[in-house]
Amino acid sequence: MKTGLIGTAVLAASVALAGCATSPGSSSGYGNSGYGNSGYGRPANCYDCGTVTRIETIRGNSNPNIAGPLIGGVVGAVAAKELARRNTDSEGRRNVAIGAGAVGGAVAGNAIQNRTEGGNQYNVHVRMQDGRTTVLSQGDVSGLREGSNVRVQNGQAYAY
């Protein structure tokens, strides 16, 4: 009878102590800084991992816009010439209309080209886990900000 009571007490104590133990993946706050874990939510020995230190905005394409204004100017001049031919008999007014159409078309062509060529480029400065620093030029930085943990793949920084 005594051995049955002792066995029951040992079993009850074992169950009680097992409830207090933490598993390796638990978030108790104590066991998350063991070997191989940096404690900051990123892999310990990741060669391609780092932290964003700075993001610089660089304006879009720095090449001069030639095609958009040129094509827009020609289209504007042709359209203005046709409208002036139908609506006035004065040669001077036709010439002014053609010049105004060319200028207006060039301005519109430049705006269209700027809009279709895309927006800004960004230089993303990253301090890698092994101490290296790198600068990546990319067009999209959605999800990234200074202090973000990133993985560098194919010349781009991706948040993880």
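This text goes with the structure placed above it.
How each quantity is defined
Residues numbered from 1 in each chain as written. Predicted model: local features only at pLDDT ≥ 70, side-chain atom pairs only at ≥ 80, totals over all residues. Heavy atoms only, no water. Helix = DSSP H or I, 4+ residues; strand = E, 2+ residues; numbered from the N terminus. Buried < 20%, exposed > 50% of the residue type's maximum accessible area, 1.4 Å probe, protein only. Contact = heavy atoms within 4.5 Å. Areas by Shrake-Rupley, 256 points an atom, 1.4 Å probe, with all protein chains shown as cover. Expected span 1.5 Å × (residues − 1). Arc of directions from axis to C-beta. Pairing = 2+ DSSP bridges. Axes fitted to C-alpha atoms, helices over the stretch in contact; angles between N-to-C directions. Core = buried A, V, L, I, M, F, W, Y, C linked by side-chain atoms within 4.5 Å. Salt bridge = Lys/Arg side-chain N within 4 Å of Asp/Glu carboxyl O. Disulfide = S-S within 2.5 Å.

Undergrad: A description of the overall build of the chain should follow, citing residues and the corresponding values.
TA: Tallying secondary structure elements over the chain gives three helices and five strands in all. Going from the N terminus to the C terminus, the chain shows its helices and strands as α-β-α-α-β-β-β-β. Counting only residues that meet the buried cut, the chain has 21% of its 160 residues in that class. Within the chain, residue pairs in contact and separated by at least 24 positions form 60% of the contacts whose partners lie at least 6 positions apart. Just so you have it, the chain exposes about 11,400 Å², and 57% of that area is on carbon and sulfur atoms.

Undergrad: Explain helix H2 (residues 67–87) to me, and be specific about the residues and the numbers.
TA: Between its first and last C-alpha, H2 extends 30 Å over 21 residues, near the 30 Å set by a 1.5 Å rise per residue. Every buried residue of H2 is listed here: Gly68, Pro69, Gly72, Gly73, Gly76, Ala77, Ala80 and Ala84. One side of H2 holds all its buried residues, which, seen down the axis, span an arc of 145 degrees. In H2, those exposed residues whose orientation departs by more than 90 degrees from the buried face are Leu70, Ile71, Val75, Val78, Lys81, Arg85 and Arg86.

Undergrad: Lay out the sheet that holds strand E5 (residues 156–159) with the relevant residues and their values.
TA: Sheet strands associate in pairs through backbone hydrogen bonding, adopting either a parallel or an antiparallel arrangement. What the five strands build is an open sheet, ordered E3-E2-E1-E4-E5; its pairing is antiparallel. In the strand order of this sheet, the two ends are held by strand E3 (133–138) and E5, each with one partner. Along the sheet, successive strands turn relative to each other by an average axial angle of 40 degrees, direction set aside.

Undergrad: Outline the pairing of strand E2 (residues 121–128), listing residues and values.
TA: In terms of burial, E2 is a largely internal element, six of the eight residues being buried. Bridging between E2 and E3 involves six bridges; their strand directions are antiparallel. Residue pairing in the sheet places His125 in a bridge with Val135 of E3. Hairpin geometry of E2 and E3 is characterised by an intervening segment of four residues between the two adjacent antiparallel strands and by a positive phi of about 100 degrees at Gly131.

Undergrad: Summarise the nonpolar core; cite the residues concerned and give the values.
TA: In this structure, Val52, Tyr122, Val124, Val126, Met128, Leu136, Val141, Leu144, Val150, Val152 and Ala157 together form the largest nonpolar core, which totals 11 residues. Tallying contributions element by element places E2 first for this core, with four residues. Once residues lying within four places of it in the same chain are set aside, the contact partners of Met128 are Tyr47, Asp48, Cys49, Gly50, Thr134 and Val152.

Undergrad: Any details on the pattern of salt bridges? Residues and values, ideally.
TA: Under the criterion given, the structure shown has five salt bridges. Where Arg85 meets Glu82, a salt bridge forms, and the shortest distance between an N and an O atom there is 2.6 Å. One end of the pair, Arg85, and the other, Glu82, are both in helix H2, three residues apart, so they sit about a helical turn from each other. Glu82 sits in the partly exposed class, given a relative accessible area of 30%. Glu91 is the partner of Arg94 in a salt bridge, and the nearest nitrogen-oxygen pair spans 3.9 Å. Of the two residues, Arg94 and Glu91 are both situated in helix H3 (residues 91–116); the distance of three residues between them amounts to about one turn of the helix.

Undergrad: Outline the state of the cysteines, supporting the account with residue identities and numerical values.
TA: The final tally for this structure, using the stated rule, is one disulfide. Paired by a disulfide, Cys46 and Cys49 hold their sulfur atoms 1.9 Å apart. Taking the sign of the S-S torsion, 65 degrees for the link of Cys46 and Cys49, the bridge is right-handed. Cys49 shares its class with Cys46; the two are buried.

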